[in-house]
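# Coordinate analysis (summary)
Chain by chain, the residues run as shown.
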Amino acid sequence: MKIATIISSVVSILLLLSAMICGLWLKSGQPGSINFHMNCGIAGIVFSVITLILLAITLRRTKKGN
């Protein structure tokens, strides 16, 4: 479960960074796709929620083990 949590958190960070970079790119007036930005943002939020759920499960299991 720890490995799934770590992988999910890395994916979340990469997606949110990608959405932020894409948003800054669009804000600077450069041509780009708003759909890509929206997809990165939505996927980042979904993966962040999945990461929080996995983290809660991992911490609960760790607490039970002690």
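Residues numbered from 1 in each chain as written. Predicted model: local features only at pLDDT ≥ 70, side-chain atom pairs only at ≥ 80, totals over all residues. Heavy atoms only, no water.

### A few points about a positive patch on the surface
Our working rule: Patches here are clusters of residues that have more than 30% relative accessible area and form no salt bridge, with a 9 Å joining cutoff for like charges and a 5 Å cutoff for nonpolar side chains (Val, Leu, Ile, Met, Phe, Trp, Tyr). Working definition of accessibility: Shrake-Rupley area with a 1.4 Å probe, residue cover restricted to the visible protein chains. The salt bridge criterion pairs a side-chain nitrogen of Lys or Arg with a carboxyl oxygen of Asp or Glu, the two atoms within 4 Å. We count Lys and Arg on the positive side and Asp and Glu on the negative side, and we leave His and both chain ends out. Here the site of a charge means NZ on Lys, CZ on Arg, CG on Asp, or CD on Glu. Starting at the N terminus, helices and strands are each numbered in turn, a helix being any DSSP run of H or I of at least four residues and a strand any DSSP run of E of at least two. Here's how the labels work: a residue is buried when its accessible area is under 20% of the maximum for its type, exposed when over 50%, partly exposed in between, all with a 1.4 Å probe on protein chains only.
A surface patch of positive charge is lined by Arg-60, Arg-61, Lys-63 and Lys-64. Assignment of secondary structure puts Arg-61 in helix H2 (residues 34-65). Note on Arg-61: relative accessible area 55%, which makes it exposed.

### A closer look at helix H1 (residues 2-27)
What counts here: Helix span, expected: 1.5 Å multiplied by one less than the number of residues in the helix.
With 26 residues, H1 extends 37 Å between its outermost C-alpha atoms, agreeing within 8% with the 38 Å of an ideal straight helix rising 1.5 Å per residue. Buried within H1 are the following residues: Thr-5, Ser-8, Ser-12, Leu-15, Ala-19 and Cys-22. Downstream of H1 by one or two residues, Gly-29 has phi in the positive range, about 95°.

### Regarding the state of the cysteines
Condition: Only a pair of cysteine sulfur atoms within 2.5 Å qualifies as a disulfide here.
Considering all chains together, one arrives at 0 disulfides under this definition. Cysteine Cys-40 is unpaired, with the sulfur of Cys-22 as its nearest cysteine sulfur at 6.3 Å. For Cys-40, a relative accessible area of 7% corresponds to the buried category.

### Digging into the side chain of Thr-51
Put simply, the rule is: Residues are treated as being in contact if the distance between any of their heavy atoms lies within 4.5 Å.
You can see Thr-51 is positioned in helix H2. Apart from residues lying up to four places away in sequence, Thr-51 is in contact with Thr-5, Ser-8, Ser-9 and Ser-12.

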